[in-house]
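Spelled out from the first residue to the last, the chains are:
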Amino acid sequence: MIKTTSLLLSLALAGASLSVANPSFAAAIPSAADTAAQAASELDEKLARLWADRPDYVALLEQKQSDRPLRVVSTVPPEFPKSLKRSGKKGTILVSFFVNEEGRVEAARVVDSPDEGFNKPSVAAVLKWKFVPAMRDGKAVKVSGLVPVVVQ
Amino acid sequence: MPFAVFPKRTAFSFAALLVTSAALAGAGRDPAVTFRDDAFTLVLDNGIVALEIAKENGAVVHFAYRGKSLLSGPAYLDWQSDGNHHFSAVRCRIVTDPATNGGDLAEIAIEQSGKGQRPAFDVAQHFVLRRGESGCHVFAVFHHASNYPAASIDQSRWVLRVDESVFDFINVDDQRRAVMPPGTTPVRTLDPKEAMQFTEGPWQGRITDKYHFFAEAGDHFVHGWSGTKSNLGLWLIDGSREDHNGGPTKQHNTAHFGGVLLKILTCVHYGAHAVEIPKGMEWTKVYGPWLLYANSGGTPDALWADAKRQAEEQRRAWPFSWMHHPHYPDRMQRGEVRGRITVHEGSPAMLPGAWVGLAAASPDWQQQSNGYQFWGHMDADGTFAIPNVRAGTYTLYAFAPGLADEFRRDEVTVAAGRSLELGELAWRPPHFGRLLWQVGIPDRTAREFRYGDNHRRWGLWRHYATDFPQGVNFRIGSSRERTDWNYAQVTVNDRGQWRGTAWDVEFEAPDHPMTGTATLRLAIASAHAAQLVVSLNGHKLDGFDLSTDNAMARAGIRGQYTLRDVPFKASRLRPGRNVLTLEQQTGRNMLPNVMYDSLQLYLDEQRRFETFRDTPRFVIGANARNAGEDND
């Protein structure tokens, strides 16, 4: 049975402000590698491929940690189609996104997903999330984020 | 079995000594409170805890204790009032700038006007940070202007989600403390859907349900999370229960699976009523202040002990001298009520658990949500003192284990700064003659019956069909409550059809023809969608539709208490063996049920039987009505 709740989303959001290389994310990747470092490296490569058409975002992926990480202001849960809910499919949809200097999500794409049907609703939801922007050197900056949407 | 993972503590841990209670530190040495208005957030910091509040929606987007972030997402206030609402278009206001008081205190307010539209309430949430305290005080103010449309609030909560990489141990009360599986642990939902069964990992097969973590409000002042590895704790602490709806027996949500931590402001669960404000009424209610408290060091036991100490401290300090709001009277604006309640023709001493309180005259205090209630325990001799009562006129209520009735005295006027001595108050429960028999103990719960002592478990209702294949047939004199009377009169599934059940009580009446009046007192701890028909020796005495509180499905052992008196001609009693039948007639699904608190049969051979229209059949409980009238 599929059960995606705001609760699970917010759990996942714990990591939204962390670096993409943070080992805690490695566990969220379905194709988890043997070690956290390996998984992080694998994830870096995936993200770079995912945003290859947007060099500006790839540059952000590689940026150093901000002084003040993103803070979540509000979230919206994804609305999956009923047919998908009935199918009993579950897993983790990993969504990569970018938050601008105003705290708005300006782009989001799925990194990993157990079923394509989850992708569009997950991206649509993440695009509606709001954040307090990250700060670096006293200024709001655009940063990357990553969130696992857990469906169970 | 959600509480199977209890840590065993056999000796006092030295770590307990290491718990940090920053509040105990000398105020003079603590850093000043600072306030900063960022572009997106308001930032409060006292050097111990720091919080950031989003200017967009008032959510606490960051709460840190000594630099360590403790929340996994935004903490927000919501209220169900014709739909679910959060702050959306708020005004942020600095109420007290710490720069004006040498850094002793900062208060900010997040405010939103209902403007008479949906939702028709003005809502404000205040955050108060004081120098040297290891936490932040929070309160909410709901206001309804007289020109707003009629409106109601079913529920209001402050919802936090703790960071589960820091916190893995839930603390509800002394009996309910355990390691919790991480919120990402796979589950399948059960019926009711709030119950979830873990499908993988070391918790596989176990069940968790938010209703297993509800607590009765009367004696509950603290709950929270701690970390077995982080040695940190995060707690919600109430200094008073005056703001809670439904009185001391009302059950409220506390914390549950998924790192959820809750402060319930008002809630209709277990049959309580919504806040209901008619058009034309000017209404304001202050909820709180409560304390979001953080501590560190030591084991979960030590953190819990420290949190309880902090709760005691908050209760002693109530009403808070630092709190300044026009709708929060200070100590001098409140009064006290003292007295001694003595029970006549009943048990000579108050048993532990006896409550006395002040609330509005109507409806039943269990159903009150608009105002404030002030409850406390009575001593064994019935002596009581209720301090810090907001000035006004109340009804004094009392109820106690062993007594099915409740005491009330109307028109008790509390004046600011005064202690009202009521002296000795005689509680004279009605007299129905000689007690022939009794099943259960009148204490407003079904705790003494089968499973009643361990009721916060999923699916208890399913045991009935195998435990009682012939139904309950309770023989006065030989049957035992703990084994022979189920905690709830449930429905059974008979070849795909749900149907109600009939329970018998067999008893011996005096061995001679009887005259006068017999009275069956039916004390009901909870009921849901139940139609109850009471018969004696196959002849119907009475019937009721009972209140709907859903306590059984929500793992409670009580909901809305009601007391029914069923008087009948004593001549209906046969000399010798009699059978009283309680038939719950609603089928439908697994939800309809009756939880009995106690049954008492009295016989008064001197008293002339009068028709029920002259006799109060309905004694306590506001939302029940009679289903049938088959009496003479």
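Placed above this text is the structure.
What counts as what
- All residue numbers refer to position in the chain's written sequence, counted from 1.
- Written order determines the labels here, with chains lettered from A and ligands numbered from 1.
- Local features in this predicted model are restricted to residues whose pLDDT is 70 or higher, and side-chain atom pairs enter the listing and the counts only when it is 80 or higher, whereas totals over whole chains, interfaces and linings include all residues.
- The side-chain quantities take in all heavy atoms of the structure and omit both hydrogens and water.
- As defined here, a cavity is a set of points on a 1 Å grid over the protein atoms alone where a 1.4 Å probe fits but cannot get out. A pocket is an open set with protein on both sides within 12 Å along at least five of seven lines, and residues line them when an atom is within 4 Å of a point.
- Grid points are joined across faces, edges and corners, and a volume is the space filled by probe spheres set on the points.
- The helix and strand labels rest on DSSP assignments: H or I over at least four residues marks a helix, E over at least two residues marks a strand, and numbering proceeds from the N terminus.
- Each residue is assigned to one class: nonpolar for Ala, Val, Leu, Ile, Met, Phe, Trp, Tyr, Cys and Pro, charged for Asp, Glu, Lys and Arg, and polar for all the others, Gly among them.
- Note on contacts: a residue pair is in contact if any heavy atoms of the two residues lie within 4.5 Å.
- Summed over both partners, the accessible area lost on bringing two parts together, with a 1.4 Å probe, is the buried area.
- Whenever a carboxyl oxygen of Asp or Glu lies within 4 Å of a side-chain nitrogen of Lys or Arg, that contact is scored as a salt bridge.
- Two N or O atoms form a polar contact when they lie within 3.5 Å of each other; inside protein one atom must be a possible hydrogen donor and the other a possible acceptor, and for residues adjacent in sequence the pair counts only when both atoms belong to side chains.
- Throughout, nonpolar core names a set of buried Ala, Val, Leu, Ile, Met, Phe, Trp, Tyr and Cys residues whose side chains join them through atoms within 4.5 Å.
- When a residue's accessible area, from a 1.4 Å probe over protein chains only, is under 20% of the maximum for its type it is buried; when over 50% it is exposed; and in between it is partly exposed.
- For a helix, the expected span equals 1.5 Å multiplied by the number of residues minus one.

Participant: Please give an account of empty space enclosed by the protein that cites residues and values.
Facilitator: Residues and elements named next belong to chain B. On inspection of all chains with the given rule, the structure shows three cavities of 30 Å³ or more. For the largest cavity, the calculated volume is near 60 Å³. Considering each element in turn, the lining of the largest cavity owes the most residues, three residues, to strand β24 (residues 260-267). Tallied by class, residues from the lining of the largest cavity come to three nonpolar, six polar and three charged.

Participant: Describe the interface of chain A and chain B, naming the residues involved and giving the relevant values.
Facilitator: On the chain B side, the residues contacting the 22 residues of chain A number 25 residues. Here chain A packs against chain B, burying approximately 1900 Å² in sum over the two surfaces, 57% of which is carbon and sulfur. Residue B:E56 pairs with A:R104 through a salt bridge whose shortest N-O separation is 3.3 Å. Linking chain A with chain B are six residue pairs in polar contact (both at pLDDT 80 or more), by the criterion used here. Going through the elements one at a time, α1 (6-13), β1 (71-74) and β4 (130-132) of chain A are the ones with two or more residues in the side of chain A that touches chain B. Top contributing element to the side of chain A that touches chain B by residue count: α1(A), with six residues. For the side of chain A that touches chain B, a count of residues per class yields eleven nonpolar, four polar and seven charged.

Participant: Which residues make up the nonpolar core, and what are the values?
Facilitator: Residue and element names in this part refer to chain B. Of all hydrophobic cores here, the largest spans 62 residues; its most connected members are F63, F127, F142, W158 and L234. Counting residues per element, this core draws most heavily on strand β26 (residues 283-296), at five residues. Judged by nonpolar contacts, the second largest core, of 53 residues, contains F474, I557, F568 and A570.

Participant: Please give an account of the pattern of salt bridges that cites residues and values.
Facilitator: Residues and elements named next belong to chain B. Tallying each qualifying case throughout the model produces 43 salt bridges over all chains. The partner of R131 in a salt bridge is D104, with the nearest N and O atoms 2.9 Å apart. Taken as a pair, R131 in the loop between β10 (122-130) and β11 (135-144) and D104 in the loop between β8 (91-96) and β9 (105-112) lie far apart in primary sequence, 27 residues in all. Assessed through its relative accessible area of 40%, D104 is described here as partly exposed. Close ionic contact of E336 with R338 constitutes a salt bridge, the shortest N to O distance being 3.2 Å. R338 sits in the partly exposed class, given a relative accessible area of 34%.

Participant: Report on unusual backbone geometry, specifying residues and quantitative values.
Facilitator: Along the chain, B:D191 connects to B:P192 via a cis peptide bond; the corresponding omega equals 0°. With respect to the secondary-structure elements, B:P192 resides in the loop between β16 (187-189) and β17 (195-198). The backbone phi angle of A:D137 is positive, close to 50°, even though this residue is not glycine. The residue A:D137 is located in the loop between β5 (134-136) and β6 (139-141) in this model. The class of A:D137 is exposed, set by a relative accessible area of 65%. The backbone of B:R495 shows a phi angle near 50°, a positive value even though the residue is not glycine. Here B:R495 shows up in the loop between β36 (492-494) and β37 (497-499).

Participant: Provide a residue-level description of helix α1 (residues 300-317) of chain B, including the pertinent values.
Facilitator: With 18 residues, α1(B) ought to run about 26 Å at 1.5 Å a step, and its terminal C-alpha atoms sit 25 Å apart, in line with that. All of the buried residues along α1(B) are B:P300, B:A302, B:L303, B:W304, B:D306, B:A307, B:Q310, B:A311 and B:Q314.

Participant: Outline the side chain of B:H220, listing residues and values.
Facilitator: Residues and elements named next belong to chain B. Tracing the backbone through its elements, the reader meets H220 in the loop between β19 (215-216) and β20 (222-226). What makes H220 buried here is its relative accessible area of 7%. If sequence neighbours within four positions are ignored, H220 has contacts with V172, A215, R241 and T254.

Purely geometric numbers; function is a separate question.
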